[in-house]
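What the coordinates show
One letter stands for each residue in the lines below.
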Amino acid sequence: MRLLHTSDWHLGRSFHRVSLLSAQEAFVDHLVEVARTERVDAVLVAGDVYDRAVPPLAAVELFDDTLHRLADLGVPTVMISGNHDSARRLGVAAGLIERAGIHLRTDPAGCATPVLLSDAHGEVAFYGLPYLEPALVKDHFGVERAGHAAVLGAAMDRVRADLAARPAGTRSVVLAHAFVTGGEPSDSERDITVGGVASVPASVFEGADYAALGHLHGCQTLTERIRYCGSPLAYSFSETHHRKSVWLVDLGPRGEVAAERIDCPVPRPLARVRGTLEELLADPALERHEQAWVEATLTDPVRPREPMARLAARFPHVLTLVFDPERAEQDPLASYGRRLRDRTDQEIAEDFVAHVRGGAGPDGGERALLSAALDAVRADAARTEAPR
């Protein structure tokens, strides 16, 4: 059975205020064409169909058009909600849409109810595990502590129990939206840390012939059977060196996996350039970036005059400007953003406590309280679908 594994479309997202709608339309054209020419048996979408809970109308129209085109091809599609999606909104009319071969899995209660597709070698059971916000689903899964590993493990226990009751030789594919240990994040994924822990072990997917993962935006192979396809477009400059692609996966008669990457269309390359303003304007080596979307980091000790306008004369698609003067880390003039770089919300909160106390950081109980407060805010935002 031939599968096309995609995820993290983020329909409706812009890139530094530049609309990506036309680029997302080009990706959909590419997706449909690959499904047709490669004679795909199923399209898998592992979450984050939209970029936010209440997407703009143009994004909804593109999603609707995509479903119609896949249905017209007669290619079944299995799709789960991600942490950016509103599971309830995405799942509206799922029962009706299923008649057209579009299988939306947005309800945690349906984790162990597979979509069954057949080929010449028998049935393949597709289990869709939507993004599981631990604080909201822990009671449903009967786990004591709200953590990603606990709820995803409980969901997979149900999957394995269902699979064990099926005829011997039934192959299985799991779609999940999670941060699995060993994956490499980028700047454009929303933090899903709970209790100081964001990741789950790859062993949680034991028993599945293939795990089609979403959430991380870089294409990654954790094991031959556990893969991220990544986002089809770059959504931050941290993805400058990503090769954007989808996985074409052949699932053999005994669950063997063979996978091939198929590149996605690139609307415009990304480039990160760094140096003084005069260096960036004069360096002939940067000529190759003149038509790219550019993030420029200026190292001038004093902010130069009209830097954006002057850079745009050479790089007409420059989108963002960062000032990072060459100073020692302990220099009091070092930027606040630079001092906070790569630090989690928990670490920033703990540093603030230490700052206002004159050096004494939080004790164990206070750290736990801070962690619980951060988790509660995120869970409440998910529960109420607050704009983020």
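Residues numbered from 1 in each chain as written. Predicted model: local features only at pLDDT ≥ 70, side-chain atom pairs only at ≥ 80, totals over all residues. Heavy atoms only, no water.

In the annotation of an unreviewed UniProt entry, the entry for the protein reads Nuclease SbcCD subunit D, and the organism field reads Streptomyces chitinivorans. In UniProt, the protein has this text filed under Subunit (unreviewed entry): "Heterodimer of SbcC and SbcD." (UniProt positions renumbered as here; feature names shortened; annotations may be inferred.)

Points about the overall build of the protein
Each helix and strand counted, the protein has 11 helices and 19 strands in total. A compact globule built from 388 residues would reach a C-alpha radius of gyration of about 21 Å, and the protein, at 23 Å, matches this within 12%. Dimensions along the principal axes, computed over C-alpha positions, put the protein at roughly 70 × 55 × 35 Å. Evaluated residue by residue, the protein yields a buried proportion of 50% over its 388 residues. Contacts in the protein between residues far apart in sequence, at least 24 positions, make up 67% of those at least 6 positions apart. (Helix = DSSP H or I, 4+ residues; strand = E, 2+ residues; numbered from the N terminus. Rg over C-alpha atoms; globule rule 2.2 N^0.38 Å. Buried < 20%, exposed > 50% of the residue type's maximum accessible area, 1.4 Å probe, protein only. Contact = heavy atoms within 4.5 Å.)

Focus: the packing of aromatic side chains
Enumeration according to the criterion identifies four aromatic pairs in this entry. When the centroid spacing of 5.1 Å and the interplanar angle of 55° are considered together, the rings of Phe-15 and Phe-237 count as tilted. Of this pair, Phe-15 sits in strand β2 (residues 14-15) while Phe-237 sits in the loop between β14 (226-228) and β15 (245-251), and the two are 222 residues apart along the sequence. A residue is classified by how much of its surface remains accessible, and Phe-237, at 2% relative accessible area, is buried. The interplanar angle of 35° and the centroid separation of 5.4 Å between the aromatic rings of Phe-15 and Trp-293 together place this pair among those described as tilted. Of this pair, Phe-15 sits in strand β2 while Trp-293 sits in strand β18 (residues 293-298), and the two are 278 residues apart along the sequence. We classify Phe-15 as buried; its relative accessible area is 0%. Owing to a relative accessible area of 10%, Trp-293 belongs among the buried residues under this scheme. Taken together, the aromatic side chains of Phe-15, Phe-237 and Trp-293 make up a single cluster linked through ring pairs. We note Arg-227 situated over the ring of Trp-247; from NZ or CZ to the ring centre the distance is 4.5 Å. Arg-303 extends its terminal NZ or CZ atom over the ring of Phe-323, reaching a point 3.8 Å from the ring centre. (Phe/Tyr/Trp six-rings, centres within 6.5 Å; stacked < 30°, edge-to-face > 60°. Lys NZ or Arg CZ within 6 Å of the ring centre and 35° of its normal.)

What about the nonpolar core?
One finds Leu-129, Phe-141, Leu-152, Val-174, Phe-205 and Leu-213 to be the most contacted residues of the largest nonpolar core, which totals 32 residues. Elements that contribute at least two residues to this core include exactly β8 (122-129), α5 (134-141), α6 (148-164), β9 (171-177), β10 (179-180), β12 (210-214) and β14. At seven residues, α6 tops the list of elements feeding residues into this core. Residue contacts for Leu-152: discarding those within four places in its chain leaves Leu-129, Leu-132, Ala-178, Val-200, Val-204 and Phe-205. (Core = buried A, V, L, I, M, F, W, Y, C linked by side-chain atoms within 4.5 Å.)

A look at the pattern of salt bridges
Counting across every chain of the model gives 21 salt bridges. Of the charged contacts, one joins Arg-13 and Asp-51 as a salt bridge, the two residues approaching to 3.3 Å between their closest N and O atoms. Of the two residues, Arg-13 is situated in the loop between β1 (2-6) and β2 and Asp-51 in the loop between β4 (42-46) and α2 (57-73); the sequence distance between them amounts to 38 residues. Of the two residues examined, Arg-13 and Asp-51, each falls in the buried class. Taking the shortest distance from any N to any O, the salt bridge between Glu-295 and Arg-272 comes out at 2.7 Å. (Salt bridge = Lys/Arg side-chain N within 4 Å of Asp/Glu carboxyl O.)

Some points on the pairing of β8
Burial analysis of β8 places six of its eight residues in the buried class, which makes it a mostly covered element. Relative to β8, strand β7 (residues 115-119) runs antiparallel, the two sharing five bridges. Bridging from a neighbouring strand, Asp-119 pairs with Gly-122 of β8. Taking the residues between adjacent antiparallel strands as the criterion, β7 and β8 are bridged by two residues. Bridge analysis of β8 against β9 gives six bridges, and the strand direction is parallel. The residue bridging Gly-128 from the neighbouring strand is Leu-175, located in β9. (Pairing = 2+ DSSP bridges.)

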